[in-house]
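# A look at the structure
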Amino acid sequence: MLQCPNCRGKNIGKIGSQQFYCWNCFIELSIADNNELAVHQIEADGSLSSLNDLFTDDERRIQW
């Protein structure tokens, strides 16, 4: 099971083929080609803002 790098929660929903949503902290997670998570905040206008700079590479590594 996928784990959120922000809250470490496992309440993750699938919203696309490689896209997930954390219902605890309301961020979107995407799996990149290198098996790392891309972490995004959803803005009020529906656009995404990257949060990758807030996490280390180890924190963004996929943990099933």
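Our structure's up above, just so we're on the same page.
Residues numbered from 1 in each chain as written. Predicted model: local features only at pLDDT ≥ 70, side-chain atom pairs only at ≥ 80, totals over all residues. Heavy atoms only, no water.

## A short note on the nonpolar core
Condition: Take the buried residues of types Ala, Val, Leu, Ile, Met, Phe, Trp, Tyr and Cys, join any two whose side-chain atoms come within 4.5 Å, and each joined set is a nonpolar core. The rule is simple: take the accessible area with a 1.4 Å probe, protein chains only, and divide by the maximum for that residue type; under 20% is buried, over 50% is exposed, in between is partly exposed. What counts as a helix is a DSSP run of H or I of at least four residues, what counts as a strand is a run of E of at least two, and both are numbered from the N terminus.
Judged by nonpolar contacts, the single largest core of 13 residues is most densely connected at L2, I12, F20, I27, L29, L37 and V39. Of all the elements in the fold, those that place two or more residues in this core are β2 (19–22), β3 (27–31) and β4 (37–42). Top element by residues in this core is β3. It accounts for three residues.

## Comments concerning the pattern of salt bridges
Rule in force here: Should a side-chain nitrogen of Lys or Arg be within 4 Å of a carboxyl oxygen of Asp or Glu, the pair is scored as a salt bridge.
Summed over all chains, the structure comprises three salt bridges. Between D57 and R60 there is a salt bridge, with its nearest N and O atoms 3.6 Å apart. Here R60 and D57 lie together in helix α1 (residues 57–60), a separation of three residues that amounts to about one turn. Taking relative accessible area as the criterion, R60 reaches 11% and is therefore assigned buried. If you follow the salt bridges from partner to partner, you end up with E36, D57 and R60 in one network.

## Some words on the pairing of β4
The condition is simple: The rule for pairing is simple: two strands pair if DSSP sees at least two bridges between them.
Across five bridges, the pairing between β3 and β4 is antiparallel. In the sheet register, I27 faces β4, and the bridge partner there is Q41. Between the end of β3 and the start of β4, which pair antiparallel, lie five residues, with N35 showing a positive phi angle near 60 degrees. Bridge count between β4 and strand β5 (residues 48–50): three bridges; the pairing is antiparallel. In the sheet register, Q41 faces β5, and the bridge partner there is S49. Taken together, β4 and the strand that follows it, β5, pair antiparallel across an intervening segment of five residues, in which G46 is found at a positive phi of about 95 degrees.

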